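Chain and residue survey
Listed here are the chains, written in short residue letters.
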There are 4 protein chains.
Amino acid sequence: MTTDDFSELERRADPQAPGAPRRNKRGLATQQKLLDAAEAVFAELGYHDASIVKITERAGIGMGTFYLYFDSKRTIFEALVIDLNRRVRHSMAEAMLGAANRLEAERAGFAGFFRFTAEHPALYRVVREAELVSPEVLRLHYSRIVEGYVEGLRKAQAVGEVSDIDAEVAAWALMGIGEMVGARYILWERDGDGQRPGEIDPTVFADVMRFIETALAPRPAGHEAPGQEAAQ
Amino acid sequence: MTTDDFSELERRADPQAPGAPRRNKRGLATQQKLLDAAEAVFAELGYHDASIVKITERAGIGMGTFYLYFDSKRTIFEALVIDLNRRVRHSMAEAMLGAANRLEAERAGFAGFFRFTAEHPALYRVVREAELVSPEVLRLHYSRIVEGYVEGLRKAQAVGEVSDIDAEVAAWALMGIGEMVGARYILWERDGDGQRPGEIDPTVFADVMRFIETALAPRPAGHEAPGQEAAQ
Amino acid sequence: MTTDDFSELERRADPQAPGAPRRNKRGLATQQKLLDAAEAVFAELGYHDASIVKITERAGIGMGTFYLYFDSKRTIFEALVIDLNRRVRHSMAEAMLGAANRLEAERAGFAGFFRFTAEHPALYRVVREAELVSPEVLRLHYSRIVEGYVEGLRKAQAVGEVSDIDAEVAAWALMGIGEMVGARYILWERDGDGQRPGEIDPTVFADVMRFIETALAPRPAGHEAPGQEAAQ
Amino acid sequence: MTTDDFSELERRADPQAPGAPRRNKRGLATQQKLLDAAEAVFAELGYHDASIVKITERAGIGMGTFYLYFDSKRTIFEALVIDLNRRVRHSMAEAMLGAANRLEAERAGFAGFFRFTAEHPALYRVVREAELVSPEVLRLHYSRIVEGYVEGLRKAQAVGEVSDIDAEVAAWALMGIGEMVGARYILWERDGDGQRPGEIDPTVFADVMRFIETALAPRPAGHEAPGQEAAQ
DNA sequence: AATGAATGAGTATTCATTCAT
DNA sequence: GATGAATGAATACTCATTCAT
């Protein structure tokens with residue numbers, strides 16, 4: 001399973017974890033300002049070129065104050081990844097509410113993911129660099145999303161809406177598609193002019209979904225998926 | 001198309017480009033030693049923690065010598081990405097030689113990609129960080145591989161071995177699957193003990209190929225791919 | 001005129017310029033320690049062999065602190081030239097206070113200049129090298145002093161104490177004499193034994209002043225300066 | 001006196017000194033190419049930014065060849081100063097040939113000096129930096145020229161063409177005037193547009209000569225130089 | 001709680017000089 | 001004699017982190 005042990009990581013990054021200093025309203029606001037600033041600065045400059053001063057300046061607070069809220073540059077980076085991860089999953093889950101079936105849910109989930117990608121380019125950039133800065137938090141990020149996919153796929157398989165493919169492998173494949181397509185067709189699309197990336201092209205979205213849905217579609221009776229016999 | 005203009009980038013990184021100093025046998029050996037050392041050091045430490053001294057020490061040459069062969073740290077990084085890209089594509093192409101049909105070719109190509117991933121973990125790590133260090137070379141890397149996929153898909157479509165899905169979008173999806181699955185099931189698998197990652201688990205490989213082949217399979221007559229009508 | 005535009009240069013080098021960080025008492029002391037150390041180190045080693053570490057060590061502060069006060073090695077060099085220039089002009093002006101006439105003022109001014117040269121050998125050495133490091137600040141230095149001479153000469157001409165020679169050309173000539181004589185008879189005199197250079201030899205001083213005063217003396221009626229007719 | 005001991009210095013810098021490797025015609029040509037290149041490069045970049053490679057490239061010879069002709073960067077610098085010094089003195093001496101009297105000779109000498117300054121900006125720049133690079137060669141340069149002045153002044157004094165001022169002090173004053181005026185009115189004049197500096201403005205030249213000639217003029221009988229009595 | 005002055009470890013890059021060819 | 005590849009010492013500058021206020 002992908003549960004691994006991320007608890008220590010999450011505790012360190014969670015400002016409200018037991019043991020963490022209790023903040024009042026103002027303190028919480030400062031913390032949020034720091035996370036927001038970090039999102040912007042890390043996205044723009046990357047982990048190494050981002051500096052604590054730049055983050056605190058952007059947050060409009062004093063440099064020393066930073067260390068009242070985060071232990072280190074790496075800590076706020078991890079907290080940011082975890083925060084973005086929470087939000088992207090929320091965005092996907094929300095989009096999927098009320099989907100009538102797996103097919104609709106799939107579409108809605110990907111749409112939610114792409115929308116978040118467009119609105120928060122930091123997610124992609126920060127996750128990219130996470131491999132080097134904090135491999136653990138990177139794995140946490142992907143694992144959390146994959147867990148959601150797996151759960152959805154398993155439920156759909158139970159009611160025959162998805163083929164009997166290994167749910168976990170399929171989930172990682174979906175994760176890969178989502179990230180690569182998001183990068184290629186949303187983030188890089190307008191990169192040249194420095195504009196904020198916009199929505200994904202609807203035709204591309206349709207093609208991607210067709211690819212995915214075909215891959216997952218339950219095999220019509222009497223039709224074997226290609227390569228089935230050889231592989232297993 | 002994905003042709004973009006990478007020529008300037010390639011010229012700068014190509015030690016044999018016209019205009020670059022002509023090397024004799026020994027010079028070429030030194031250059032290769034540097035690239036090999038860079039592969040190891042960048043993979044182990046990442047771009048920022050890698051230092052020129054560490055690279056030259058590993059290459060067994062003097063520090064100043066580095067600058068006789070590469071203009072800067074960034075230049076050797078780009079050269080390394082381009083070199084790895086060339087080799088991974090070679091590895092894939094070689095594996096595909098003699099494939100009887102698209103299906104076999106697909107399998108062989110992915111197998112080649114996964115084998116290279118296992119043998120050269122640097123590829124993944126270096127490409128990850130490239131997003132921040134040199135976005136251009138990152139795009140070059142992905143684009144080059146995608147071009148290969150697109151060409152293969154188009155040929156297969158022409159003979160009815162692959163559905164009429166948009167070849168380019170499908171190619172980016174394949175790229176995403178390959179990278180994510182390679183990371184998850186090859187590189188992270190043995191990460192804890194620092195061992196050199198091994199082969200991909202055959203079962204996982206079979207599942208991945210099934211996923212891909214189903215997605216690309218030509219639709220049996222009379223069967224519409226799901227979601228087709230709505231999307232287009 | 002020699003007014004040129006040195007304002008930008010002076011603003012950059014002026015630690016109290018508007019826009020520069022406001023320093024408290026301690027900060028100002030640190031800044032002064034840096035300038036003093038720079039004076040000593042630049043004078044001893046020259047611009048290129050002086051290093052930031054040597055300067056900060058001499059100032060008794062941490063290396064990084066340097067960059068809180070000056071943007072770069074070149075900046076502190078320029079600030080030092082401007083500071084020394086201010087002080088040498090102050091030294092000259094002070095000496096000239098209470099001079100009864102141009103003749104006395106001239107003597108006093110040169111005496112002030114020579115005294116400063118003896119007490120601050122850095123002035124000469126730093127100015128010498130400035131030609132290569134920052135030509136602008138070199139011109140500023142000379143121009144500022146020359147401006148003072150010009151003003152004095154013009155006033156003296158108005159009351160008939162100085163001949164009608166072009167004040168500006170005469171001023172540059174005086175500048176040249178002062179610098180060369182100061183170097184030759186003060187700085188080089190004891191150079192061998194590394195001792196701090198002392199006062200100028202009174203006889204030499206008398207000869208120099210006689211040279212200058214003769215050159216500037218108003219022509220007695222009926223006597224043409226030699227070469228007058230031919231040249232103009 | 002100003003004889004000091006420059007013999008060792010001259011021997012080291014003199015490529016034809018006994019003990020130096022005997023050169024054939026080709027070797028001498030290479031040596032001259034190096035000196036010419038050094039003049040250009042040092043003048044343009046200053047001692048520190050000039051590099052051996054730049055000099056040898058400009059001379060059109062291989063880098064290693066440099067060390068067959070000069071022991072070090074400093075050595076060629078000193079040789080260059082000595083060479084320029086020889087040439088500027090030659091230029092002055094030549095100009096003075098056939099001067100009818102001290103006055104004419106003085107004019108001619110300064111004209112020769114200014115002409116050389118305009119044609120060889122390297123002289124000024126190289127001499128400026130020499131203070132830091134090789135104080136000995138700097139003193140040699142000035143001393144040699146001053147010796148010439150002293151000799152001339154003494155001869156003129158003997159025939160009553162120059163006042164009884166101390167010849168040596170006067171000579172250093174003249175040296176200072178020549179250098180400062182040359183810098184100000186020749187080299188800096190066109191500095192902005194990077195053009196090769198031209199001739200000195202004839203009016204300025206006339207003013208300078210009037211200043212000098214007045215300073216040196218024999219006192220008309222019955223007229224004491226101002227400040228004479230007080231000073232001595 | 002908030003601040004920001006002070007610190008010094010860490011690193012890319014240059015270049016005079018050597019020496020094998 | 002001529003060459004130029006190889007070397008490594010030397011240095012300006014950045015920035016995460018501490019701590020006195």
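Just so it is clear, the model here is predicted, and its values are computed rather than measured.

Each value, and the rule that gives it
- Residues numbered from 1 in each chain as written.
- Chains lettered and ligands numbered in written order.
- Predicted model: local features only at pLDDT ≥ 70, side-chain atom pairs only at ≥ 80, totals over all residues.
- Heavy atoms only, no water.
- Helix = DSSP H or I, 4+ residues; strand = E, 2+ residues; numbered from the N terminus.
- Expected span 1.5 Å × (residues − 1).
- Near = heavy atom within 4 Å.
- Polar contact = N/O pair within 3.5 Å; in protein donor to acceptor, adjacent residues only side chain to side chain.
- Nonpolar A, V, L, I, M, F, W, Y, C, P; charged D, E, K, R; others polar.
- UniProt positions renumbered as here; feature names shortened; annotations may be inferred.
- Contact = heavy atoms within 4.5 Å.
- Buried area = accessible area lost by both parts, 1.4 Å probe.
- Salt bridge = Lys/Arg side-chain N within 4 Å of Asp/Glu carboxyl O.
- Axes fitted to C-alpha atoms, helices over the stretch in contact; angles between N-to-C directions.
- Parallel < 35°, antiparallel > 145°, perpendicular 65-115°, else oblique.
- Left-handed = near helix turned anticlockwise from the far one by under 90°.
- pLDDT = per-residue confidence, 0-100.

1. Focus: helix H5 (residues 73-96) of chain A
- For H5 of chain A, spanning 24 residues, the distance from its first C-alpha to its last is 35 Å, which sits close to the expected 34 Å at 1.5 Å a residue.
- In the stretch just after H5 of chain A, Gly 98 of chain A is the one whose phi turns positive, near 80°.

2. Overview of the protein's contact with DNA strand F
- Looking at DNA strand F, there are 32 residues lining it, with Gly 62, Thr 65 and Tyr 69 of chain B, Met 63 of chain C together with Thr 65 of chain D nearest.
- By atom count, sugar and phosphate contribute 60% of the portion of DNA strand F lying within 4 Å of the protein.
- The backbone of Ala 50 of chain C places a nitrogen or oxygen atom 3.3 Å from a phosphate oxygen of DNA strand F.
- Backbone polar atom of Ile 52 of chain C to a phosphate oxygen of DNA strand F: 2.9 Å apart, as the coordinates give it.
- For the surface near DNA strand F, the secondary-structure elements that each account for two or more residues are helix H2 (25-49) and helix H4 (66-69) of chain B, helix H4 (63-69) of chain C together with helix H2 (25-49) and helix H4 (66-69) of chain D.
- For the surface near DNA strand F, a count of residues per class yields 16 nonpolar, 12 polar and four charged.

3. Regarding the UniProt feature "DNA-binding region" (unreviewed entry) in chain A
- With numbering aligned to this structure, UniProt lists the feature "DNA-binding region" (unreviewed entry) at residues 51-70 of chain A.
- Taken end to end, residues 51-70 of chain A has its terminal C-alpha atoms 14 Å apart, with 60% of it in helix and 0% in strand.

4. Digging into the interface of chain C and chain D
- Listed per partner, the contact involves 56 residues of chain C and 55 residues of chain D.
- Approximately 5100 Å² of surface area, both sides summed, lies buried where chain C meets chain D, with 65% of it carried by carbon and sulfur atoms.
- When the area that chain C buries against chain D is broken down by residue, the three leading residues are Arg 128, Arg 210 and Phe 211 of chain C, summing to 16%.
- Linking chain C with chain D are six salt bridges, by the criterion used here.
- The partner of Glu 179 of chain C in a salt bridge is Arg 128 of chain D, with the nearest N and O atoms 3.2 Å apart.
- Put simply, chain C and chain D have 11 residue pairs in polar contact (both at pLDDT 80 or more) between them.
- Put simply, the parts of the chain that give the side of chain C that touches chain D at least two residues each are helix H2 (25-49), helix H6 (102-119), helix H7 (121-133), helix H8 (135-158), helix H9 (167-187), helix H10 (202-216) and helix H11 (228-231) of chain C.

5. Quick notes on the packing of helix H6 (residues 102-119) of chain A against helix H10 (residues 202-216) of chain A
Residue and element names in this part refer to chain A.
- Two elements in contact, H6 and H10, have axes whose closest approach is 11 Å; the angle formed by their N-to-C orientations is 135°. Judged by the inter-axis angle, H6 sits oblique to H10. Once H6 is placed against H10, the crossing between them reads as right-handed. Residues Leu 103, Glu 106, Arg 107, Phe 110, Ala 111 and Phe 114 of H6 form the contact with H10, whose participating residues are Phe 205, Met 209, Ile 212, Glu 213 and Leu 216.

6. Some points on the protein's contact with DNA strand E
- In the region of DNA strand E, 33 residues are neighbours, and Gly 62, Thr 65 and Tyr 69 of chain A together with Thr 65 and Tyr 69 of chain C sit closest.
- Protein-adjacent atoms of DNA strand E, using a 4 Å cutoff, are sugar or phosphate at a proportion of 58%.
- In the model, a phosphate oxygen of DNA strand E is placed 3.0 Å from a nitrogen or oxygen of the Ile 52 of chain B main chain.
- Those elements giving two or more residues to the surface near DNA strand E turn out to be helix H2 (25-49) and helix H4 (66-69) of chain A, helix H3 (52-59) of chain B together with H2 and H4 of chain C.

7. Details of the confidence of the model for chain A
- Residues with a pLDDT of 70 or more make up 89% of chain A, whose mean pLDDT is 88.
- Low pLDDT (under 50) marks residues 225-232 of chain A, which in the prediction has 15 contacts with non-local residues, meaning those over four places away or in another chain.

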